[in-house]
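# Observations on the three-dimensional arrangement
These are the residues of each chain, in order.
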Amino acid sequence: MARAFLFVLDSFGIGGAPDAETYGDLGADTLGHIAEQCAAGLADRPGLRAGPLSLPHMQSLGLAEAAVNATGNLPAGWSLTSRPRGIHGAASEVSRGKDTPSGHWEIAGQPVMYDWGYFPDDGPAFSDELIAEIVAEAELPGILGNCHASGTEIIARLGAEHMKTGKPICYTSSDSVFQIAAHEESFGLERLIALCQIVRKLIDPLNIGRVIARPFVGSAATGFDRTGNRRDFSVPPPGPTLLDQVSESGHRVFAVGKIGDIYAHQGVTDIRKASGNPALFEATLKATREAKDGDLVFTNFVDFDMLYGHRRDVAGYAAALEALDAMLPRFAKLLKPGDLVLMTADHGCDPTWRGTDHTRERVPILGFGPGIAARNVGVRTTYADIGATLAQHLGLPGTGNGRSFL
């Protein structure tokens, strides 16, 4: 029995979702638009990057071919590989919504076929009754925000008032989420975590997917910065996932980054926290060195979404992709015969798109490992094919959703 590795490049969509128009995202294409901007010289940034988007290792696996599968279009400045050396293709999402839990759970074999609860787009996001419950149970002087907002923007705008009043900053987005930002020192990280647990319990009847703790540091004079101590409090997946099957078979599931939080820690045996893609990569290397036959190493590379997609930073997104691509050979050297690596995404977040939210897109499938035969797996009708493939690779029965492409 060999090992399995699953890397989610958070928000790295490749366009072409058949239901994109339903979500207001017809034409969104994270990879395609980044490549287009880079090829036109619009993503050059002194000291960061310049020129066409260059992902030689992912391109050698068949990323260009995957993009053509998804949209029919070749990313600008790229050419097809004469002989891709990896598994390559794309997948459409069947889950409702375009958020993190839906994408991740579907990847692991549990599509979300029900509607999430959402907070209103216009006016106050949270009802007076909910705020009163939160304030009373958490013994707060009140809250700030109560609106749809970008996290960095609302912290910059309300951070000083938060520190002065002790009122946490509460906001939401187009996702099914309740976010709480608070200063790690003046408010306290442990107090923020406890507050999120209270809110999680109070909003369960509303079917909200996640409560997210967004701690930050700094001051009005120096500026505010979010820290790596983010926590997500998610509802559990709707059924057993690939993670549950691996752990119940007596093997380890290394959850690197926010994976443990996304799955409400179900099926996770080893939690490896890290902040930022470089640190997440190093944590992945460490887990790889420890993993034995039958184990799953599952990493979410969050920077693409959190730092660049939502902030509509094309140059930053491109540079982060190029940096991760350059790291891959270090990881590949640790692989053993029979290991299977699958790289994908959970949704899109096109940095050229209107607004600041996720975009409904197909996601890439790139696979490799010693002895793993290269092939084009086409466009899969569900992300769950990824989990089904890894389950078959590990000799597990799968969840009943998805079809292996091995």
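A few points on the structure. (Residues numbered from 1 in each chain as written. Predicted model: local features only at pLDDT ≥ 70, side-chain atom pairs only at ≥ 80, totals over all residues. Heavy atoms only, no water.)

### Some thoughts on the state of the cysteines
Counting across every chain of the model gives zero disulfides. The structure places no disulfide on Cys38, whose sulfur is separated from the nearest cysteine sulfur, that of Cys349, by 16 Å. Residue classification places Cys38 among the buried residues on the basis of a relative accessible area of 1%. Cys196 provides the cysteine sulfur closest to Cys170, a residue in no disulfide bond, and the two sulfurs are 8.5 Å apart. (Disulfide = S-S within 2.5 Å. Buried < 20%, exposed > 50% of the residue type's maximum accessible area, 1.4 Å probe, protein only.)

### Considering the sheet that holds strand 11 (residues 296-301)
Judged by pairing direction, the sheet is mixed, and its eight strands sit side by side in the order 10-9-11-1-12-13-2-14 without closing on themselves. On the outer flanks of this sheet lie strand 10 (270-272) and strand 14 (375-380), each paired with one strand and no other. For this sheet the average axis-to-axis angle between neighbouring strands, irrespective of direction, equals 15°. Across the sheet, helix 3 (residues 63-71) is in contact with strand 2 (87-91), strand 13 (363-368) and strand 14; its angle to strand 2 comes to roughly 30°. (Pairing = 2+ DSSP bridges. Helix = DSSP H or I, 4+ residues; strand = E, 2+ residues; numbered from the N terminus. Axes fitted to C-alpha atoms, helices over the stretch in contact; angles between N-to-C directions. Contact = heavy atoms within 4.5 Å.)

### So, helix 4 (residues 100-107)
The α-helix advances 3.6 residues per turn, and as a result positions three or four apart in sequence lie on the same side. Burial analysis of helix 4 places eight of its eight residues in the buried class, which makes it a mostly covered element. Burial in helix 4 covers these residues: Thr100, Pro101, Ser102, Gly103, His104, Trp105, Glu106 and Ile107. Gly109 occupies a position one or two residues after helix 4 and carries a positive phi of about 100°.

### Things to note about the environment of Asp175
In this structure, Asp175 sits in the loop between strand 4 (169-172) and strand 5 (177-183). Leave out the neighbours within four places in its chain, and Asp175 touches Lys98, Asp99, Tyr118, Arg210 and His358. Engagement of the side chain of Asp175 in a polar contact is seen with the side chain of His358, the distance being 3.2 Å. (Polar contact = N/O pair within 3.5 Å; in protein donor to acceptor, adjacent residues only side chain to side chain.)

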